[in-house]
Amino acid sequence: MINIDTYAYSNRLKTVHPTEKFLFAMITLVVCLTSPALITPLSVLALMAAGIIIKAGIPGRFFVKLMLVPLSFLLLSVLTIAFSVSTSPAGFWLAQNIAGLTVGIRLPDLVTAVHLLIKSLGAVSCLYFLALTTPMTEIISVLSRMRTPVIITELMALIYRFIFVFMEMATTIRRAQSSRLGYVSTKSSFRSMSGLFSALFGKVFLKSRELFDTMEARGYTGEIKVLAKKYPVNLKNYLVLTALEIPLILLNLLGR
Amino acid sequence: MSEVILEAVDIKFSYPDGTNALRKVNLEVKKGEKLAILGSNGAGKSTLFLHFNGIYRPDAGSIKYRGQDISYGKRALIELRKKVGIVFQDPDSQLFSASVWQDISFGPLNLGLGEEVVVDRVKQAMSDTETTDLQDKPTHLLSYGQKKRVSIAGVLAMEPEVIIFDEPTAWLDPRHGREFMELLEKLSQEGKTIIISTHDVDLAYSWSDRIAVMYSGELIASGEPGEVFLQPDIISRADLLLPWLLEMHRELVQKGWLPPSGPLPKTREDLFGSIAAKRERRLSVL
Ligand SMILES: Nc1ncnc2c1ncn2[C@@H]1O[C@H](COP(=O)(O)OP(=O)(O)OP(=O)(O)O)[C@@H](O)[C@H]1O
Ligand SMILES: [Mg+2]
């Protein structure tokens, strides 16, 4: 997750207008989720892989690793769809009889399962594209330009920032503890861990207070106003976006 | 120069947990001056600063801005904070945004300025603090000194009249420390009033017009740098050291290389210059 964040700031598409990337990811996501046939999610997957690896310059191995994260979880849920248990062996494509019960796969279920799997992977790849090419702060700017309620965007921004502040604190404390042999045995590990949590908990309160003070010192009056960075709007990108989306949408319509 | 811009009058303050952070502090800050506040850890420097733009409210006593008690109403506080800016000690509690650019733009936008003006100010502040190259980096990937510079830029962009820096050079490398001092000089020449807290006696001695020494919630001395450092009881009570320039000067006077009545050296050039002059005189005697 931290690596994703690092790539978001250092990929080759970082200078592209965030709205363009956001629209590309979101439209493709919707197209992928509404597709009736396998061909659309497969094309989406290929498209996003090309975008991430070739265009954004993110190592292919890293992308594959990322795709494997949801895969294990997806496989589990998809298996429960593919397999069914019945008292009669009728209609099974592959079956095994266990103590009078038939456990196996029915062909239509298998098709649904595979379809769901590919579709989900396609959808996940769209989100990865956005996450890997666009810094969180830019995504938040796009959301607020799209009139997302202020409370949501402000919370997202603060949470995002403070994930890192607290993570750094936690790593520092943990390092300091283990350099004083805080994690040599199970017992000391538990003690150190509880120490870490209570220290962190105290600091969360202190930090949030301090943050409020410092923001007030700079004239905060209840709304976080910041200037979004200006990116050049690129007409060519919109044309490419349209050129890519139209065939996908057509594919969807024809498949129906 | 002599007009008092900020003033603390008999300030007392204790934290909710009962810590008596300020016992009785009286301090005048004159317009356009360079004031350094010295004092050991926990002396109350940061706490005092937070009073100067109305973040904390004293239990007793008052803060005056341009001769008037500051009022703690919402409008009045906003006006005060436009005039008095603080760069906090810990940049991690000041940087609220993950984006350098967005964080620096926060203050000036709160002043109600137009977008173009804000863009100009952000750019100027970034070039003054050499953070232009950092603008596309997220704040969590910056080093501590870099974060410190970004947090300084965030306050500079508001262009306050009085700028308070809480230990500004503590985390900076020598080059950025020196450049920061040059920036302070520039700001001072523009007529800003500058207050810093520091543990660096050499820096305080050479840079400031006036020094105030805090000890355990009290202000125990204030005056011109030479004056303050020549009071040995104050220096030892506040756990301070003598600036090396003064120590060297004292040694040279004791050993007879310099006349005891000469002016105190303010910079290393002053001191080295005076030594060279002595040697020439010796040569001419020979
Ligand atoms: N939030 C707080 N709650 C309770 N006590 C506090 C709090 N902040 C500071 N103190 C206490 O108030 C006293 C003054 O602290 P302050 O931070 O003003 O010192 P300082 O002079 O800035 O020190 P340093 O040089 O270490 O920054 C200290 O004894 C400190 O422990
Ligand atoms: Mg302090």
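This structure is a prediction, so every number in the text was calculated from the model and none was measured.

Colleague: Please clarify how the environment of A:I246 should be interpreted in this entry.
Modeller: Counting through the fold element by element, A:I246 comes out in helix α9 (residues 235-255). On a C-alpha basis, the gap between A:I246 and A:V31 in space is 10.0 Å, while along the polypeptide they are 215 residues apart.

Colleague: Honestly, the sheet that holds strand β1 (residues 83-86) of chain A in this entry has me stumped. Any pointers?
Modeller: Two modes of strand pairing occur in sheets, parallel and antiparallel, and in both the strands are linked by backbone hydrogen bonds. All names here are of chain A. What the 3 strands build is an open sheet, ordered β1-β3-β2; its pairing is antiparallel. Looking at which strands have only one partner, the edges of the open sheet turn out to be β1 and β2 (94-98). Recorded for the sheet is a direction-independent mean angle of 20° between the axes of neighbouring strands. Sheet topology places β2 next to strand β3 (residues 101-105); 5 bridges connect them, and they run antiparallel. What sits directly across from Q96, in β3, is V103. Most of the contacts of helix α4 (residues 60-82) go to β1, to which it runs at about 35°, and overall it touches β1 and β3.

Colleague: Is there a simple way to explain the coordination of the magnesium ion (ligand 2) in this structure?
Modeller: For a metal bound by four donors in tetrahedral geometry, the ideal donor-metal-donor angle is 109.5 degrees, whereas six donors in octahedral geometry ideally sit at 90 or 180 degrees. All names here are of chain B. Those donors, S46 (OG) and Q89 (OE1), are the protein atoms that reach the magnesium ion (ligand 2), and they lie 1.9 to 2.2 Å from it. Taken together, the residues S46 in helix α1 (residues 45-52) and Q89 in the loop between β6 (84-87) and α3 (91-94) connect sequence positions 43 residues apart. The class of S46 is partly exposed, set by a relative accessible area of 24%. Residue classification places Q89 among the partly exposed residues on the basis of a relative accessible area of 33%.

Colleague: Explanation requested: the side chain of B:D92 in the structure shown.
Modeller: Note on placement: B:D92 falls in helix α3. Residue B:D92 is classed as buried on the basis of its relative accessible area, which comes to 9%. Polar contacts involving the side chain of B:D92 include one to the side chain of A:R161, which spans 2.9 Å. Here B:D92 is in contact with A:R161, A:F162, A:V165, A:E168, A:K207, B:Y144 and B:K147, once residues within four sequence places are set aside.

Colleague: Is there a simple way to explain the domain arrangement of chain A in this structure?
Modeller: How big an interface is tends to be stated in terms of the accessible area lost upon association of its parts. All names here are of chain A. Assigned domains within chain A: domain 1 (2-134 + 230-255) and domain 2 (145-217). Computed over C-alpha atoms, the centres of domain 1 and domain 2 are 34 Å apart. If you look at the interface, domain 1 gives 7 residues, while domain 2 gives 5 residues. Roughly 440 Å² is buried in total at the junction of domain 1 and domain 2, and carbon and sulfur atoms are behind 64% of that figure.

Colleague: Where do I start with the site of ligand 1 in this structure?
Modeller: All names here are of chain B. As a matter of local geometry, ligand 1 sits amid 15 residues, with G42, G44, K45, S46 and T47 nearest to it. Within the contact set of ligand 1, an oxygen atom lies 3.2 Å away from a backbone nitrogen or oxygen of A43. The side chain of T47 places a nitrogen or oxygen atom 2.4 Å from an oxygen atom of ligand 1. Considering ligand 1 on its own, with 640 Å² of exposed area, one finds that the protein chains cover 68% of that surface. Among the elements that line the shell around ligand 1, the one with the most residues is α1, at 3 residues. The residue inventory of the shell around ligand 1, partitioned by class, reads 3 nonpolar, 9 polar and 3 charged.

Colleague: Got a minute to help me understand the packing of helix α7 (residues 150-179) of chain A against helix α8 (residues 186-217) of chain A in this structure?
Modeller: Any two packed helices are characterised by how steeply their axes cross, that is the angle between the axes, and by the distance between the axes. Residues and elements named next belong to chain A. Put simply, α7 and α8 touch, their axes get as near as 10 Å, and they point 140° apart. The pairing of α7 with α8 is recorded here as oblique in orientation. The crossing of α7 and α8 is right-handed. Within the contact between the two elements, α7 uses L158, F162, F166, M169, A170, I173, R174 and Q177 and α8 uses S192, M193, G195, L196, A199, L200, K203, V204, K207 and L211. Class assignment of the residues belonging to the contact of α7 with α8 gives a composition of 12 nonpolar, 3 polar and 3 charged.

Colleague: Could you clarify how one ought to interpret a nonpolar patch on the surface in this entry?
Modeller: Nonpolar side chains collect at one region of the surface, where A:I151, A:I152, A:L155, A:I159, A:I163 and A:M167 lie side by side and expose about 530 Å² of accessible area between them. Looking at where A:I151 falls in the secondary structure, it is placed in helix α7.

Colleague: Would you mind showing me how to read the pattern of salt bridges here?
Modeller: Pairing is possible between side chains that carry opposite charge, provided their charged atoms lie close to one another. If you walk through the whole model with that rule in mind, you get 21 salt bridges over all chains. Two residues, B:E79 and B:K82, come together in a salt bridge whose shortest N-O distance is 3.2 Å. You can see B:E79 and its partner B:K82 sitting in helix α2 (residues 74-83), 3 residues apart, about one turn around the helix. Its salt-bridge partner being B:E130, residue B:R175 comes within 3.6 Å of it at the nearest N-O pair. With B:R175 in helix α7 (residues 174-189) and B:E130 in the loop between α5 (115-128) and α6 (144-156), this residue pair connects regions lying 45 residues apart in the sequence. For B:R175, a relative accessible area of 38% corresponds to the partly exposed category. Of the residues examined, B:E130 reaches a relative accessible area of 35% and is grouped as partly exposed. Within this structure, A:R161, A:E168, B:D92 and B:K147 form a network of salt bridges that share partners.

Colleague: Quick question: what am I supposed to make of the interface of chain A and chain B here?
Modeller: Opposite the 34 residues of chain A that make contact, chain B presents 37 residues. Summing both sides of the interface, chain A and chain B together bury roughly 3,300 Å²; the carbon and sulfur share of this comes to 57%. Of all residues in chain A, A:R161, A:R218 and A:L227 bury the most surface against chain B, accounting for 29% of the area lost on that side. Here chain A and chain B share 7 salt bridges between them.

Colleague: Help me understand the nonpolar core in this model?
Modeller: Side chains of nonpolar character tend, in soluble globular proteins, to be buried together. B:I104, B:F165, B:L184, B:V213 and B:F229 are the most contacted members of the largest nonpolar core, which totals 52 residues. For this core, the two domains that each supply at least three residues are domain 1 (4-241) and domain 2 (243-286) of chain B. In this structure B:F165 touches B:F49, B:V87, B:I152, B:F180, B:L184, B:L187, B:I194, B:I195, B:I196 and B:S197, once residues within four positions along its chain are discounted. Within the second largest apolar cluster, 38 residues are counted, among which are A:V31, A:A49, A:L117 and A:V142.

Colleague: Where do I start with the environment of B:L80 in this structure?
Modeller: All names here are of chain B. On the secondary structure map, L80 appears in helix α2. Linking L80 and I70, residues 10 residues apart in sequence, is a C-alpha distance of 7.9 Å. With residues up to four places along the chain from it excluded, the contact list for L80 reads F52, N53, G54, Y65 and I70.

Colleague: I tried to follow the packing of helix α2 (residues 18-33) of chain A against α9(A) on my own but got confused; where do I start?
Modeller: Residue and element names in this part refer to chain A. Interhelical geometry of α2 versus α9 gives an angle of 5° and a closest axis separation of 10 Å. For the element pair α2 / α9, the angle class is roughly parallel. Across the interface between the two elements, T19, E20, L23, F24, I27, T28 and V31 of α2 pack against N237, Y238, L241, L244, E245, L248, I249 and N252 of α9. The class makeup of the residues in the contact of α2 with α9 is 9 nonpolar, 4 polar and 2 charged.

Criteria and cut-off values
- Residues numbered from 1 in each chain as written.
- Chains lettered and ligands numbered in written order.
- Predicted model: local features only at pLDDT ≥ 70, side-chain atom pairs only at ≥ 80, totals over all residues.
- Heavy atoms only, no water.
- Helix = DSSP H or I, 4+ residues; strand = E, 2+ residues; numbered from the N terminus.
- Pairing = 2+ DSSP bridges.
- Axes fitted to C-alpha atoms, helices over the stretch in contact; angles between N-to-C directions.
- Contact = heavy atoms within 4.5 Å.
- Donors = N, O, S within 2.8 Å, 3.2 Å for Na, K, Ca; no water.
- Buried < 20%, exposed > 50% of the residue type's maximum accessible area, 1.4 Å probe, protein only.
- Polar contact = N/O pair within 3.5 Å; in protein donor to acceptor, adjacent residues only side chain to side chain.
- Domains from an automatic or database assignment.
- Buried area = accessible area lost by both parts, 1.4 Å probe.
- Near = heavy atom within 4 Å.
- Areas by Shrake-Rupley, 256 points an atom, 1.4 Å probe, with all protein chains shown as cover.
- Nonpolar A, V, L, I, M, F, W, Y, C, P; charged D, E, K, R; others polar.
- Parallel < 35°, antiparallel > 145°, perpendicular 65-115°, else oblique.
- Left-handed = near helix turned anticlockwise from the far one by under 90°.
- Patch = residues over 30% accessible without salt bridge, like charges linked within 9 Å, V, L, I, M, F, W, Y side chains within 5 Å.
- Salt bridge = Lys/Arg side-chain N within 4 Å of Asp/Glu carboxyl O.
- Core = buried A, V, L, I, M, F, W, Y, C linked by side-chain atoms within 4.5 Å.

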